[in-house]
Amino acid sequence: MLTSRIVRIGLPLIAAVFVIALVGASLASAMHQDTTPSPGAYKGPSESSGVVFPASAQVSRRGSRTTIKLKTQANLNCDNGGHYLADLAVTAKTGAAKFSNSGTTSDFQGTYQYKLTGKFTKATSFKATLSAKGDIDIGLPEKPSCTTGPVTFTLFHTNH
């Protein structure tokens, strides 16, 4: 009698624990999204000094390596008190969802040292911050030193 009572209580209890474990594993799997970058074109807004500009990127993959080629505009704040617009084209390479790169880029006004950091939040979107600084040639004897400050953006795959 005691054995049948244990079996009556024990089997449903074991089944309930098993179901809870399966549901928990399913929820954990659903919450863990694939952040392997999806190749293709990305677009979205960037914000520089409170102004929104269009931004675009081309993402390519070769094996486990991802290359991100980003284009955007940004406001330059310069030591002469001037404010100018820069066209920035930068690149980052990564083997993971997070990326970071520093380098040099140029536009018609000058050459800039940049730093780009970001993270793919999904396989089809990423958030990043870009900053650049450099001396620009605006046709005056002086070449003001300028910086963008942080330029933030979120880009989305255009096929989704």
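Here is what the cut-offs are and how they apply
Residues numbered from 1 in each chain as written. Predicted model: local features only at pLDDT ≥ 70, side-chain atom pairs only at ≥ 80, totals over all residues. Heavy atoms only, no water. Helix = DSSP H or I, 4+ residues; strand = E, 2+ residues; numbered from the N terminus. Contact = heavy atoms within 4.5 Å. Core = buried A, V, L, I, M, F, W, Y, C linked by side-chain atoms within 4.5 Å. Buried < 20%, exposed > 50% of the residue type's maximum accessible area, 1.4 Å probe, protein only. Disulfide = S-S within 2.5 Å.

1. Some points on the environment of Val-151
Mapping Val-151 onto the fold places it in strand S9 (residues 151-157). It is 9.9 Å that separates the C-alpha atoms of Val-151 and Phe-53, two residues lying 98 residues apart in sequence. In this structure Val-151 touches Ser-46, Glu-47, Ser-48, Ala-74, Ala-128, Thr-129 and Leu-130, once residues within four positions along its chain are discounted.

2. Remarks on the nonpolar core
If you look at the biggest cluster of nonpolar residues, it comprises 28 residues, and the most contacted ones within it are Leu-116, Phe-126, Leu-130 and Phe-153. Top element by residues in this core is strand S3 (residues 65-78). It accounts for five residues. Residues within four places of Leu-116 in sequence aside, it is in contact with Leu-70, Val-90, Ala-92, Phe-99, Ser-100, Asn-101, Ala-128, Thr-129, Leu-130 and Phe-153.

3. Considerations on the state of the cysteines
Going through the model one piece at a time under the given rule, you end up with one disulfide. For Cys-78, the disulfide goes to Cys-146, at an S-S distance of 1.9 Å. Where Cys-78 bonds to Cys-146 through sulfur, the torsion about that S-S bond is close to 105°, and the disulfide is right-handed. Remark: Cys-146 occurs in strand S8 (residues 145-147) and Cys-78 occurs in strand S3; sequence separation between them is 68 residues. Judged by relative accessible area, which is 2%, Cys-146 ranks as buried.

So, to be careful, I would describe these as geometric facts and stop short of saying anything about function.
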